[in-house]
Amino acid sequence: MATVTFDKATRIYPGGDKPAVDGLDIEVGDGEFLVLVGPSGCGKSTSLRMLAGLEDVNAGAIRIGERDVTHLPPKDRDIAMVFQNYALYPHMTVADNMGFALKIAGVNKADIRKRVEEAAKILDLTDYLARKPKALSGGQRQRVAMGRAIVREPQVFLMDEPLSNLDAKLRVQTRTQIASLQRRLGVTTVYVTHDQVEAMTMGDRVAVLKDGLLQQVDSPRNMYDRPANLFVAGFIGSPAMNLVEVPITDGGVKFGNSVVNVARDAVQAAADKGDKTVTVGVRPEHFDITSGSGASGLSKEGPEGLAVTVNVVEELGADGYVYGSAEVNGEHKDLVLRVGGREIPEKGAVLHVVPRSGETHVFATSTGERLSD
Ligand SMILES: Nc1ncnc2c1ncn2[C@@H]1O[C@H](COP(=O)(O)OP(=O)(O)OP(=O)(O)O)[C@@H](O)[C@H]1O
Ligand SMILES: [Mg+2]
């Protein structure tokens, strides 16, 4: 077992004008499951490939445990990688595929067999050891690829989108299997995905990358509750956080016809910078409906809050999502609200909503950085 350290690791591809990965600083704990997530092209695979030794590191260093592996060839790093396309050998049986790396390493036949059989048991592949990959389902092939990594008993597992060839349902099942397998084996794992739901459900911690730059590394809970900037706020969570640019007023910010109290210090910090607006973030589940369907807090003076016209409703049973539009400070704005399963409004209805107190996020419109605690 081992820790993994990216120490300002940088990759500039030949001919590239800016780094594909720029000063990446992450420390992965011993036995930790760390997920790298971000949009296409943000540098996830490059980061993983630097750790694997498949890509040069142009600046900074990479360590596995106390060992500086920055310039070691892949075979000397004691890692095992699972790729998106599995890269199974089509002419070999499942057992031979799984044992191949051990054979190359000169492990004796009896030991190879023992380790392959153990891995097959863990992965529920015992009945398939004699088959060729083409006679397996996608999910089974995926497990063979996992098995090939497990038998090597490496210090670190690296996985690059290992579930992307599976259909949606199998992907959900398999991600649970991989996460629990990793916990059982306790092997430090760096896992790459572009799917934020996968990242949030699998990772002990999640690292969000954008344009080669690390945006935030945190537990899924903190990532959701305290996104460090506008990018993370919009990227993590589904449906996404509502982000609304609002003018700064005395005592808070104006949201429709009500002034919403958001973190005073945050607004002050923005004003001090010379900003005229802040961007307020509200998750779909953090709106209170003051009138319309499911209203709980009708005030005597008439509806307060922001008037949202319902365009589309998505009923999910236990709850539902309302996709609506509102006029915020003279501009048309699309918003998503979560409502209870028995409070689903009609299309075309008008709801009045206010962000729940204490559940707003404040970001600097100019820099995108988080201002509220
Ligand atoms: N061999 C290469 N030569 C030059 N540029 C490359 C090379 N490989 C990747 N890049 C560039 O580096 C950046 C990061 O690529 P990378 O493959 O790490 O992204 P990614 O986050 O894994 O994306 P995806 O989700 O699409 O797999 C991209 O802009 C890409 O075009
Ligand atoms: Mg990639």
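Residues numbered from 1 in each chain as written. Chains lettered and ligands numbered in written order. Predicted model: local features only at pLDDT ≥ 70, side-chain atom pairs only at ≥ 80, totals over all residues. Heavy atoms only, no water.

### Some points on the pairing of strand S3 (residues 33-37)
This is how the line gets drawn: Burial classes follow relative accessibility: with a 1.4 Å probe on protein chains only, a residue under 20% of its type's maximum area counts as buried, one over 50% as exposed, and anything between as partly exposed. A run of H or I in DSSP becomes a helix once it reaches four residues, and a run of E becomes a strand once it reaches two; helices and strands are each numbered from the N terminus. Strands are labelled as partners when DSSP assigns at least two bridges between them.
Counting buried positions over the five residues of S3 gives five, a clear majority of the element. Inspection of the sheet shows S3 paired to strand S8 (residues 188-193) by five bridges, in the parallel sense. Across the sheet, Val-35 pairs through a bridge with Tyr-191, a residue of S8. For S3 and strand S9 (residues 205-210), the ladder comprises four bridges, and the chain directions are parallel.

### Some thoughts on the environment of Ile-289
Following the sequence through the fold, Ile-289 ends up in strand S15 (residues 287-291). A relative accessible area of 11% places Ile-289 in the buried class. When the C-alpha positions of Ile-289 and Ala-61 are compared, they lie 52 Å apart, and in sequence the two are 228 residues distant.

### Considering the confidence of the model for the protein chain
How we decide: For every residue, the predictor assigns a confidence score, pLDDT, that lies between 0 and 100. Whether two residues are in contact is decided by their heavy atoms, any of which lying within 4.5 Å being enough.
When pLDDT is averaged along the protein chain, the result is 91; 96% of the residues meet or exceed 70. pLDDT under 50 marks residues 297-302. Its contacts with residues more than four places away, or in other chains, come to five contacts.

### Description of the site of ligand 1
Spelled out, the test is: Here a residue is considered near a molecule or strand provided that any single heavy atom belonging to it is located within 4 Å of it. Think of a polar contact as two N or O atoms within 3.5 Å of one another; within protein, one of them needs to be a possible hydrogen donor and the other a possible acceptor, and neighboring residues in sequence only count if both atoms come from side chains. Three residue categories are used. Nonpolar comprises Ala, Val, Leu, Ile, Met, Phe, Trp, Tyr, Cys and Pro, charged comprises Asp, Glu, Lys and Arg, and polar comprises the others, including Gly.
Around ligand 1 sit Tyr-13, Ala-20, Pro-39, Ser-40, Gly-41, Cys-42, Gly-43, Lys-44, Ser-45, Thr-46 and Glu-161, and that is every residue in its neighbourhood. Within the side chain of Ser-40, one N or O atom sits 2.6 Å away from an oxygen atom of ligand 1. In the shell around ligand 1, the residues fall into four nonpolar, five polar and two charged.

### Remarks on the sheet that holds strand S2 (residues 21-28)
Using the following cut-off: Only the stretch in contact is used when a helix axis is fitted, and all axes are lines through C-alpha atoms; the angle between N-to-C directions ranges over 0 to 180 degrees.
Here four strands make up an open sheet; going across it, the order is S2-S1-S4-S5 and the pairing antiparallel. Every interior strand has two partners, whereas the edge strands, S2 and strand S5 (67-68), have only one. Looking at chain direction, strand S1 (residues 4-11) and strand S4 (residues 59-64) are connected through five bridges and run antiparallel. The residue of S4 that forms the bridge with Val-4 is Ile-64. Packed on one face of the sheet, helix H1 (residues 44-52) meets S1, S2 and S4 and runs near 115 degrees to S1.

### Details of the packing of helix H4 (residues 138-150) against helix H5 (residues 168-185)
A packed helix pair is summarised by two numbers, namely the angle formed by the two axes and the spacing between the axes. What counts here: In this scheme, roughly parallel covers angles under 35 degrees and roughly antiparallel covers those over 145, while 65 to 115 is roughly perpendicular and the rest are oblique. Handedness of a crossing follows from how the near helix is turned relative to the far one, being left-handed for an anticlockwise turn of less than a right angle and right-handed for a clockwise one.
One can describe the packing of H4 onto H5 by two numbers: an axis separation of 11 Å at closest approach and a directional angle of 15 degrees. In terms of their interaxial angle, H4 and H5 are classed as roughly parallel. As H4 runs across H5, the sense of the crossing is right-handed. Only Leu-170, Thr-174, Gln-177, Ile-178, Leu-181 and Leu-185 of H5 make contact with H4, whose side of the interface consists of Gly-139, Gln-142, Arg-143, Met-146 and Ile-150. Each residue belonging to the contact of H4 with H5 can be placed in one class, and the counts come to six nonpolar, four polar and one charged.

### With respect to H4
Note the following rule: Any helix carries an expected span of 1.5 Å times its number of residues minus one.
In this model, H4 (13 residues) spans 19 Å end to end at C-alpha, consistent with the 18 Å of a helix rising 1.5 Å per residue. Counting buried positions over the 13 residues of H4 gives 11, a clear majority of the element. Among the residues making up H4, those that are buried are Gly-139, Gln-140, Gln-142, Arg-143, Val-144, Ala-145, Met-146, Gly-147, Arg-148, Ala-149 and Ile-150. Where H4 is buried, its residues meet strand S6 (79-82), helix H2 (94-104), helix H3 (109-123), strand S7 (156-160) and H5.

### A closer look at the domain arrangement of the protein chain
Here is the rule: Marked domain ranges trace back to an automatic or database domain assignment. Buried area: the accessible surface (1.4 Å probe) lost by two parts on joining, summed over both. Within this document, salt bridges are pairs made up of a side-chain nitrogen of Lys or Arg and a carboxyl oxygen of Asp or Glu, the two lying within 4 Å of each other.
By domain assignment, the protein chain separates into domain 1 (4-234) and domain 2 (241-364). For domain 1 versus domain 2, the distance between C-alpha centres works out to 40 Å. If you look at the interface, domain 1 gives eight residues, while domain 2 gives eight residues. Roughly 660 Å² of surface becomes buried between domain 1 and domain 2 when both sides are summed, with 62% attributable to carbon and sulfur atoms. Contact with domain 2 buries surface across domain 1, with Tyr-224, Leu-230 and Ala-233 losing the most and accounting together for 73% of the total. On inspection of domain 1 and its partner domain 2, the count reaches zero salt bridges.

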